[in-house]
Structure formats: C-alpha cells, structure tokens
Amino acid sequence: MAIIGGGSSGLCAAKYAFESGFQPVIFEKSAHFGGVWSPIGQVWSQMHTNVGSYLSSFADFPWPPQSPLFPSSGDVFNYLLAYAEKFDLLKHVRFNAEVIKIEQPSNDDDNDKWQITLSDQSVESFDYCVISTGFNSRPILPQYPNQAAFKGKILHANDYDSNDEELKGKRVVVVGCAFSAIEIVTDLVGHASHVLNLFRRPYLIFPKIIRTKCGDDDEQNNVKVRPIDTFFFNRHCYYDILSKRDQESLEEKRKLFKQLSPIQTDPKSSPPSLFIDLDDSSSQDSYFKTNNKMAISEDYMRYLSEERIETMRGEIEEFKANGIVVNDTFIEADCVLFCTSYGIETKFFDAQTLEKLHFDSSNPLNPLVLYNVTWPHQLGHNLAFCGLFRGSNFLTAELQAKWIFKVFSGALQLPDESVMRAAIEQDVEKRRQNPHAQYPYPGILVSDRIAREFGAMPDLEAMKERDPTLYGYLWRGPFLPQHFLLNDVNGRQFALSEIERINERLERDYSLDEAKNISIQNFKY
C-alpha cells in the first residue's frame with residue numbers, strides 16, 4: 001500500500017499500516033522526512049508551535065519530561081525523528097520520490113488498484129493509497145498591479161528565514177493577520193529596521209500563555225498558568241460555548257474573548273486598525289458575523305505597545321519601484337512578505353478525480369469535501385486522506401490513521417454509501433454558505449466523530465456518573481490524544497496515568513513572581 005507524503009501524518013499512517021499487516025511505501029518528494037517540520041521544511045528556525053505539545057503528540061508516544069510546552073520547529077522534528085526510530089518507520093520511506101500522477105487504470109484486471117507514476121516516469125500499482133501530503137504543501141502568492149516594477153524583495157511565508165541577512169535593517173511589510181503573519185511580525189522585531197503589519201481585517205490576537213487568578217478566596221494571590229489551547233481546545237468550551245449560537249453563548253464568548261484580548265477589544269487602548277468591537281453583534285461587519293477569526297502570539301501586543309511594530313488596515317492597490325500603495329498612501333518598503341495562504345497538492349489527480357473529491361481551487365481553507373475529512377465516497381474504499389484539512393493536528397491525524405487501517409484491513413466497514421453521500425452533500429452546502437470559515441472542521445468535533453466511527457470514543461455520559469473526576473478531565477480539561485486510548489484494554493492504564501498527570505500539571509498554582517517569569521522558552525511539559 002502507498003502513502004503519499006512523509007510528514008507527521010504520513011509517518012503515523014505508516015505505523016498503523018504496518019501494525020495492521022500492510023507493507024507501506026511512503027513516497028516523499030524531498031530528501032528529508034518530517035514535512036513542514038523537516039530541516040528544509042516551511043517553518044522558520046525560531047518558530048514555536050501555537051498549541052501546546054499535548055496536541056503535538058501521538059497517544060502512545062508522549063514528549064519526554066521537561067520538554068518545552070511550546071516546542072520549536074527543531075524540537076518537533078526531533079520528536080518525529082524519535083517517533084520514527086522507535087517504530088522503525090524510516091525503512092518504509094522512499095526519498096526524492098515525487099509522485100506526479102495517481103489514477104485508477106481502465107483495464108479490468110487492475111481496475112480497483114491505484115497506479116502511481118513518479119517524476120522519473122516509473123509506474124507502480126497498489127491495492128490501497130493514503131494521501132498525506134499536508135494541508136500547507138503549496139504556497140499561494142497573490143498578484144497585484146505593477147508588481148514586476150518593485151525593486152525590493154517579494155517573499156511568501158513559506159520562504160521566510162529568521163536569519164535572512166537580506167532583511168536585516170530593512171523596511172518590511174508583512175501582509176496578513178493569521179498565525180504565521182503575527183508570528184513573523186514579532187520575529188522580525190530587532191532584525192528589520194521597520195515592520196508594518198498590513199491586513200484587510202484584524203484577527204483577535206491572544207497570548208500563548210494565559211495567567212488567571214486562582215479565585216477570590218485565595219489569600220496568597222496565586223495564579224494558574226496554562227497554554228492558550230487548553231482554554232479553547234476542550235469539550236466544554238467547544239460544545240457548551242463556541243459551537244452554539246444562542247444569546248447566552250454569545251455573551252460567554254464575548255466575556256471570554258475580552259478576558260483573553262483586553263487591549264484589542266477596548267477602544268481606548270487599541271490602535272484603531274486593530275480594534276474589534278465585541279459589543280457589536282448585529283451589523284454585517286460584526287466580529288461574530290465575519291467568521292470570528294483569531295491568531296496567537298506571546299509578543300505581538302507587547303511590541304505594539306512599545307511601538308516596535310506598526311499596523312495598518314487595508315489592501316495593496318499597486319506596487320511602485322520602492323514600495324506599495326495602500327489606501328491611496330505610498331509606503332516605502334524593501335520587502336513585502338505575504339503570509340496569505342497555502343493550497344493542498346492536487347497536481348497528481350486528473351480533473352475527473354478532483355470533481356469526485358468536490359475540489360474547489362478557489363477555496364484554500366476548505367478545498368476538499370470528504371466523509372469526516374477522510375473518505376471520498378465516489379472512488380471506492382481503497383483511497384483515504386490523512387491530515388489534509390485545516391486545523392489538523394497530530395491527534396486527529398492519528399485517529400484518521402487508525403480508522404483508515406481498520407477499514408483497509410477489513411476489520412471495520414464504512415457506513416452505507418447513502419449515509420456518506422448525505423454527509424458530504426451537507427458539508428458541500430456548508431462550504432457554499434460559509435466559504436471563508438477559518439476552521440471549517442473544528443478539531444474537537446471531527447476527532448470525536450472519527451473516534452465514534454471505530455469505537456474509540458469514551459462513553460462520557462456513563463463516565464459522568466461512574467467517575468466524575470475523570471469526566472471532568474475529559475470535559476473541561478485539555479483535549480488529549482490519550483482520551484482515545486481509554487477504550488483500549490492495552491492502553492487504558494497508560495492513558496489514565498497521562499490524563500491525570502497532565503491535568504494536575506495544568507492545575508498547579510504559581511506565585512505571582514513565578515508566573516511572571518514563565519515564558520514559551522521555559523514552560524515545560
């Protein structure tokens with residue numbers, strides 16, 4: 001069986017393929033495994049993850065003790081290297097093997113097999129195929145009038161390097177307000193002479209580390225210190241607040257967002273270009289009607305208050321030789337760095353196959369529509385996708401891999417064709433109605449749905465009565481890959497131990513002085 005892509009999802013897929021009795025072949029187009037996390041990947045050297053290492057891990061392979069809670073790109077690569085070595089996965093990888101075509105030939109003998117053509121024109125056939133090329137595999141660089149006349153440097157986030165000498169002491173315009181843009185803006189401080197962040201519409205920007213009071217009755221003034229994703233990425237926050245549209249939930253969101261971004265939501269404190277009026281919930285420009293997008297950075301708001309970065313709302317109208325024009329204003333620039341979007345790799349599929357995948361090239365946030373982000377319903381049950389939706393993480397990709405190989409091995413059947421088709425049609429309609437959703441498939445919802453498909457979803461209702469402490473960990477605590485080992489006889493004890501350890505770790509009280517000294521560099525796993 002073939003796996004296309006040797007990133008985190010591809011390695012995970014290979015692990016479960018081998019454990020299910022298959023001999024997987026990973027086709028990796030580069031000379032390195034690891035995808036975006038490889039030494040030649042798309043992330044810059046000083047980048048740290050936006051979510052804690054709890055989510056950037058696989059269920060049976062936690063990070064070593066004292067690992068950074070927000071690992072650097074190098075830390076993540078070393079984690080994947082250790083994972084690959086432990087499960088002997090690199091023997092399955094063919095490096096420098098670029099796939100240029102994937103098709104089902106028309107002859108009767110091999111009609112259900114997938115034929116794979118490589119860039120050297122060699123062809124192989126496989127009974128099963130998993131696409132794990134990653135969601136951010138193809139950078140998209142926008143085009144503007146007179147762009148060729150610009151004498152400076154034009155980059156995409158994909159090409160950014162923290163130590164780029166050509167940017168040292170230069171005037172850099174960073175276009176975009178999503179995760180990579182916000183982080184690159186802060187990374188440029190002290191390296192570039194001037195950093196301007198240009199965006200059409202601001203995102204709410206939250207810090208990576210949240211410090212909250214332990215309670216009014218705490219006489220010691222202790223605080224809790226938690227990674228931002230444990231606020232959002234838990235079942236209580238998603239199911240009870242974020243996924244609901246009633247007035248009470250709206251008030252809960254407003255309260256939560258104001259707590260996490262107090263400056264940006266206060267008209268007296270925020271720069272006009274960044275201000276978001278959370279009290280406006282009725283106008284068409286309301287934050288809650290424009291996909292309520294968010295980004296995460298530990299330093300952005302601090303650098304803004306220190307006037308080390310500048311922000312501007314608008315869009316490039318045209319390029320000039322030495323800068324750009326925005327809102328009829330000329331802005332000098334030596335480099336324009338686009339943190340706009342990526343596309344998935346689809347060049348190996350023909351137009352007919354892409355149509356069956358409901359592919360929309362105009363929608364980089366939601367280009368494919370599959371059954372539970374994994375299965376196409378018109379291409380047989382021997383093709384699956386792993387880690388190819390926006391917001392995918394190690395946890396969700398691992399659940400996909402487990403599900404895929406239970407189906408491929410015959411241990412599990414997919415739902416009836418009509419069920420899959422109806423679900424896909426519903427998601428196609430959702431995409432049509434809301435094409436710009438930042439996360440079309442919320443990670444918690446998708447993960448729980450996939451886990452239910454193959455019996456890995458814990459029975460939360462029964463747990464609520466039987467073990468309220470464990471239920472509290474699973475409902476209000478961080479969303480962990482070990483949640484989905486609780487139904488596994490061999491993995492349950494390990495899962496219980498990890499869930500308890502991590503929850504107790506995050507519930508620790510810190511003194512004010514201790515909390516102030518915690519940073520993304522020294523916050524440990």
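Everything that follows concerns the structure shown earlier in this document.
The structure presented is a predicted model; accordingly, all values stated were derived computationally and were not measured.

Our focus in this paragraph is the sheet that holds strand 5 (residues 114–118). Overall, antiparallel pairing links the 3 strands, which are arranged 4-5-6 in an open sheet. Edge positions in the sheet fall to strand 4 (99–103) and strand 6 (123–126), since each of these pairs with one other strand and no more. For this sheet the average axis-to-axis angle between neighbouring strands, irrespective of direction, equals 20 degrees. Here 4 bridges tie strand 4 to strand 5, and the two strands are oriented antiparallel to one another. For Lys101, the partnering residue across the bridge sits in strand 5 and is Thr117.

Another aspect to go through is the packing of aromatic side chains. Applying the stated criterion to the full structure yields 31 aromatic pairs. A ring pair is formed by Tyr239 and Trp475, whose centres lie 5.8 Å apart and whose planes are at 15 degrees; its orientation type is stacked. Taken as a pair, Tyr239 in helix 5 (residues 235–242) and Trp475 in helix 13 (residues 468–476) lie far apart in primary sequence, 236 residues in all. Residue Tyr239 shares its accessibility class with Trp475, and that shared class is buried. A network of ring pairs unites the aromatic residues Phe22, Tyr128, Tyr371, Trp375, Trp403, Phe405 and Phe408 as a single cluster.

Next up on the list: the packing of helix 1 (residues 8–19) against helix 9 (residues 394–408). Between helix 1 and helix 9, the shortest axis-to-axis distance is 9 Å and the interhelical angle comes to 35 degrees. Crossing angle aside, the handedness with which helix 1 passes helix 9 is right-handed. Along its contact with helix 1, which presents Ser8, Ser9, Cys12, Ala13, Tyr16 and Ala17, the element helix 9 presents Phe394, Ala397, Glu398, Ala401, Lys402 and Phe405. Among the residues making up the contact of helix 1 with helix 9, the classes are represented as 8 nonpolar, 2 polar and 2 charged.

Taking strand neighbours across the sheet as the criterion, the 5 strands line up as 9-20-10-11-16 in an open arrangement whose pairing is parallel. Only two strands of the sheet have a single neighbouring strand rather than two, namely strand 9 (153–156) and strand 16 (310–313). Strand-to-strand twist of the sheet, defined as the mean angle between neighbouring strand axes without regard to direction, takes the value 20 degrees. This element, helix 3 (residues 179–188), spans strand 10 (171–175), strand 11 (194–199) and strand 20 (335–338) of the sheet and lies at about 165 degrees to strand 10.

The rules we used
- Residues numbered from 1 in each chain as written.
- Predicted model: local features only at pLDDT ≥ 70, side-chain atom pairs only at ≥ 80, totals over all residues.
- Heavy atoms only, no water.
- Pairing = 2+ DSSP bridges.
- Helix = DSSP H or I, 4+ residues; strand = E, 2+ residues; numbered from the N terminus.
- Axes fitted to C-alpha atoms, helices over the stretch in contact; angles between N-to-C directions.
- Phe/Tyr/Trp six-rings, centres within 6.5 Å; stacked < 30°, edge-to-face > 60°.
- Buried < 20%, exposed > 50% of the residue type's maximum accessible area, 1.4 Å probe, protein only.
- Left-handed = near helix turned anticlockwise from the far one by under 90°.
- Contact = heavy atoms within 4.5 Å.
- Nonpolar A, V, L, I, M, F, W, Y, C, P; charged D, E, K, R; others polar.

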